[in-house]
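The residues making up each chain are set out below.
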Amino acid sequence: MLISTFFKENAQSARAEVLKNEAGEYYYIDYYDAGGNKFYTEAFPGKSVYYVEDAAENWALNVKVLNG
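Residues numbered from 1 in each chain as written. Predicted model: local features only at pLDDT ≥ 70, side-chain atom pairs only at ≥ 80, totals over all residues. Heavy atoms only, no water.

### Considering the nonpolar core
Which entries qualify depends on this criterion: Take the buried Ala, Val, Leu, Ile, Met, Phe, Trp, Tyr and Cys residues and link them wherever side-chain atoms come within 4.5 Å; each set so joined is a nonpolar core. The buried label applies to any residue whose accessible area, calculated with a 1.4 Å probe on protein chains only, is under 20% of its type's maximum; exposed applies above 50%, and partly exposed to all values in between. Counting from the N terminus, the helices are DSSP H or I runs at least four residues long and the strands are E runs at least two residues long. Two residues form a contact once any of their heavy atoms are found within 4.5 Å.
In terms of nonpolar packing, the biggest core is built from 14 residues, with A16, V18, I29, V52, A56 and W59 touching the most fellow members. Elements with a minimum of two residues in this core: β2 (15–20), β3 (27–32) and α1 (49–60). Ranked by residue count, the leading element in this core is α1, at 6 residues. Dropping the residues within four chain positions of it, V52 is found in contact with V18, Y27, Y28, I29, F44 and K47.

Shown next, in the form of structure tokens:
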């Protein structure tokens, strides 16, 4: 279930989508590049939706860098 979307500054369609898994057990982020292609998924078991949204926002603001 989609919770929220954060768009990367100055990168057209690059975005991070915060979602909850189907069983409702944890939140995760799907990261998309400017072409709309998903390039990474990051799970956050045991973390609150606020924590995960902060992580997505930090990526959109270029504070958080994904390695790998």
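### Topic: the environment of I3
Mapped onto the fold, I3 is located in strand β1 (residues 2–7). Owing to a relative accessible area of 34%, I3 belongs among the partly exposed residues under this scheme. Considered as a pair, I3 and A16 are 13 residues apart in the sequence and their alpha carbons are 11 Å apart.

### Looking at the pattern of salt bridges
The condition that has to hold: Here, a salt bridge means any Lys or Arg side-chain nitrogen found within 4 Å of an Asp or Glu carboxyl oxygen.
For the structure shown, the criterion picks out 3 salt bridges. A salt bridge links R15 to E17; its shortest N-O distance comes to 2.9 Å. This pair shows no difference in class: R15 is buried, exactly as E17 is. With a shortest N-O distance of 3.8 Å, D30 and K38 are connected by a salt bridge.

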